[in-house]
Each structure stands twice: as structure tokens, then as C-alpha cells.
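For reference, the chains in residue letters:
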Amino acid sequence: MSREMTIGDFAVLTHLSIRTLRKYHEAGLLEPAHVDPFSGYRRYTAEQIPTAQVIHRFRRLDMPLKEIREVLATEDPAARAALIAEHLDRLERRLDETRAAVLSLRRLLAPAEPDVVYRTEPERVVTAVEAARVALDDSLRWYSEAMTALDAAVAAAGARPTGPPGGRYDNALFADGAGHATVFVPTDPPVDAGPVHALTLPAGELAVTVHPGPHDDIDVTYGALGRHLAEHALTVAGPVHETYLVGPRDTSDPAAWRTEIGWPVFRTAAR
């Protein structure tokens, strides 16, 4: 074993501060080669430099100390590589979330005028799942379960989807944090099976725009539509309409998703 060196010299060689080395010692991550029982001075060896450098690289990648300890303690190279790959996958997901947040903020800083179309929705019968009260925080889970039930019932009945799925959400869901929600699929014929049932959607006048991409910043599109309607139309109380023109069921690329948002309005003239 090589000659021991002071914690100060080891800090210079590894580019890790004395404070950081003490922290790693206390966490059981990088034990000094020797600790003086009387003075408490820590001493290290040159053989510990590669380990310190590995730890330094992992910390620059925001790997938690607990996971670094697990990687260092794993002797099987394949298992060690799997642990590192798992952390890198998390970093990539976090990077994607950061990019989405940056894009959303840029849209907020420079909002574009939405392309709004006014149209009349005819009355139609669809296959639907309804919930009298859904909490906004739980809405994604409820939506996923409702769509799974819809798909299973439609397939079991041998019915044919005739259009993209959609949803109707009461204003209270957003204003109060909970409210009535409906998801549906147009099918031929409509299906009745347990919680899945035929539902008549009433006719109505809508102002419609399309949100591109994932739903992380769909509130930006809602806001742009709201600004437009405040200046150009009379809105009425009623559920918000969403139609999932392209979604996770169609492609795994969130950038390709397209969600149509419809807001009930009161029109006095054709546009």
C-alpha cells in the first residue's frame, strides 16, 4: 500500500473539498485509510483516488449517496451497469420534463393567438363512462381506468369505433378541484355493459382550438382560448369538451399528440 496522505492533499488530488470528504466518510461512502483515534485526523492513500473520482462523477450526475454506495458495493459488473443505467434513465426523463417546462414557459412569455373555429355540435349517441365526482388530482388515474373499461367493453361487444375518444368535464372539476367527468368513444352500435353505457351528448355551440403536444402545458392553450373568447364571444356555463385526435393510444411520441378543446359559447350570428 502506498504512503498515506493528509485529507488536504487528498482533496487537492481528487478535486473534492475537505468538507465533502468528511461528508462521504460520515455516510460510509469513502472511508479514510486511517483515522487517528486521538486527533480524529483522516488520512488517505493513492489507491483510493479512483474510487473518489468515480464518486465525484456520479455526484455530478445527481446520483444520491445511497445509490452510489450500492453501486460501489455491487461486485457483479452487469448488476452494477444496470444500476447506473437506471439512474441515467431517470436523468433523461427529468431532462425531458425540463425541456417541456422550458417550452411551456416560452409559450407563456410570448403567447400566440390561437386558431379558433366556431362550430355546431350535433346531438349524438356514444359509448361512455361517467363519474359523478372526480378529484382533479385523481383525474389522470380515473381517465386511464375509464378508457381501459371502455376499450374492453367495446371489444367484447364487437362494436366498431367511429371516431376519436373524447371527454366532457364540468367547470367545477377545475374551479373547485372536483366535479362530474365523462369519457366516451363513438361506436357503432353504442355499448351497454356495466359502468359502460350508451349516452346521448346534446347538441351545442362550441369555440374550438387544438392543443399540440403533451398535456403538461395544456393550461397554456386553455388560457389562450379564454383570452380569445373574452374579446370575441359570449361563453355559457357548461362542460369543457376535449377530443383526443391523436394521443397515447395512437403514438408513443408526445410531440405528435393533438387535443381539441371545445368551450361552450352563445352565438348570435354565423361565422
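Cut-offs used in this document
- Residues numbered from 1 in each chain as written.
- Predicted model: local features only at pLDDT ≥ 70, side-chain atom pairs only at ≥ 80, totals over all residues.
- Heavy atoms only, no water.
- Helix = DSSP H or I, 4+ residues; strand = E, 2+ residues; numbered from the N terminus.
- Rg over C-alpha atoms; globule rule 2.2 N^0.38 Å.
- Buried < 20%, exposed > 50% of the residue type's maximum accessible area, 1.4 Å probe, protein only.
- Contact = heavy atoms within 4.5 Å.
- Areas by Shrake-Rupley, 256 points an atom, 1.4 Å probe, with all protein chains shown as cover.
- Lys, Arg positive; Asp, Glu negative; His and termini not counted.
- Charge placed at Lys NZ, Arg CZ, Asp CG, Glu CD.
- Salt bridge = Lys/Arg side-chain N within 4 Å of Asp/Glu carboxyl O.
- Axes fitted to C-alpha atoms, helices over the stretch in contact; angles between N-to-C directions.
- Parallel < 35°, antiparallel > 145°, perpendicular 65-115°, else oblique.
- Pairing = 2+ DSSP bridges.
- Patch = residues over 30% accessible without salt bridge, like charges linked within 9 Å, V, L, I, M, F, W, Y side chains within 5 Å.
- Arc of directions from axis to C-beta.

### With respect to the overall build of the protein
Counting its regular elements, the protein contains eight helices and 14 strands. Against the globule reference of 18 Å for 271 residues, the protein gives a C-alpha radius of gyration of 29 Å, more extended than a compact globule. The buried share of the protein, reckoned over its 271 residues, is 35%. By sequence separation, contacts in the protein at least 24 residues apart represent 70% of the contacts at least 6 residues apart. Looking at the protein as shown, the accessible area adds up to about 16000 Å², and 56% of this sits on carbon and sulfur atoms. Across the protein, the centroid of the 29 positively charged side chains sits 7 Å from that of the 38 negatively charged ones.

### Details of the environment of Val 191
Along the chain, the position of Val 191 falls in the loop between β9 (187–188) and β10 (197–201). A relative accessible area of 5% places Val 191 in the buried class. For the pair Val 191 and Gly 177, spaced 14 residues apart in sequence, the C-alpha to C-alpha distance is 30 Å. Every residue in contact with Val 191, bar those within four places of it in the chain, is listed here: Thr 127, Ala 153, Val 154, Ala 157, Ala 159, Val 196, His 197 and Ala 198.

### Remarks on the pattern of salt bridges
Counted according to the given criterion, the structure contains 11 salt bridges. Glu 121 is the partner of Arg 124 in a salt bridge, and the nearest nitrogen-oxygen pair spans 3.9 Å. The exposure class assigned to Glu 121 is buried, which follows from its relative accessible area of 13%. Across the pair Arg 141 and Asp 138 runs a salt bridge, and its minimum N-O distance is 2.4 Å. By sharing partners, the salt bridges in this structure join Arg 119, Glu 121, Arg 124 and Glu 260 into a single network.

### Concerning the side chain of Arg 42
By the secondary structure assignment, Arg 42 is in strand β3 (residues 42–44). Excluding anything up to four places from it in sequence, Arg 42 contacts Met 5, Thr 6, Ile 7, Arg 22, His 25, Glu 26, Pro 32, His 34 and Val 35.

### Here we look at the packing of helix α1 (residues 7–14) against helix α2 (residues 18–26)
Interhelical geometry of α1 versus α2 gives an angle of 100° and a closest axis separation of 9 Å. When the interaxial angle is binned, α1 and α2 end up roughly perpendicular. Where α1 approaches α2, its residues Ile 7, Gly 8, Phe 10 and Ala 11 are matched on the opposing element by Ile 18, Leu 21 and Arg 22.

### A closer look at the sheet that holds strand β1 (residues 5–6)
Strands sit in the order β1-β3-β2 across an open sheet of three strands; the sheet is antiparallel. Both edges of this open sheet fall to β1 and β2 (34–35), since each of them pairs with a single strand only. Bridge count for β1 against β3 is two bridges, and the pairing is antiparallel. Following the sheet pairing, Met 5 is matched in β3 by Tyr 44.

### Concerning a nonpolar patch on the surface
A grouping of Leu 234, Val 236 and Phe 266 is seen on the molecular surface, where their side chains present a nonpolar patch of about 290 Å² in accessible area. One can find Leu 234 in strand β12 (residues 234–235).

### Re the side chain of Thr 259
Structurally, Thr 259 is set in strand β14 (residues 258–266). Owing to a relative accessible area of 1%, Thr 259 belongs among the buried residues under this scheme. Non-local contacts of Thr 259, meaning those with residues more than four positions away in its chain, are made with Thr 209, Val 210, His 211, His 215, Ile 218, Glu 242, Thr 243 and Tyr 244.

### Some words on α2
Of all the positions in α2, only Leu 21, Tyr 24 and His 25 are classed as buried. When α2 is viewed along its axis, its buried side chains cluster within an angular range of 105° and face the same direction. Those residues of α2 that are exposed and angled more than 90 degrees off the buried face are Arg 19 and Glu 26. Residues of α2 that are buried make contact with α1, β2, β3, α3 (49–60) and α4 (65–73). Looking one or two places after α2, you find Gly 28, whose phi comes out positive at around 75°.

### Overview of α4
Burial in α4 covers these residues: Leu 65, Ile 68 and Val 71. The buried residues of α4 occupy an angular sector of 115° when projected down its axis, which confines them to one face. What points out from α4, more than 90 degrees from its buried face, is the exposed set Lys 66 and Ala 73.

### A word on the pairing of β10
The alternating pattern of β10 places His 197, Leu 199 and Leu 201 on a buried face, while none of Ala 198 and Thr 200, on the opposite face, is buried. In terms of strand pairing, strand β5 (residues 124–135) meets β10 through five bridges, oriented antiparallel. By the bridge assignment for β10, Val 126 is matched with Leu 199.

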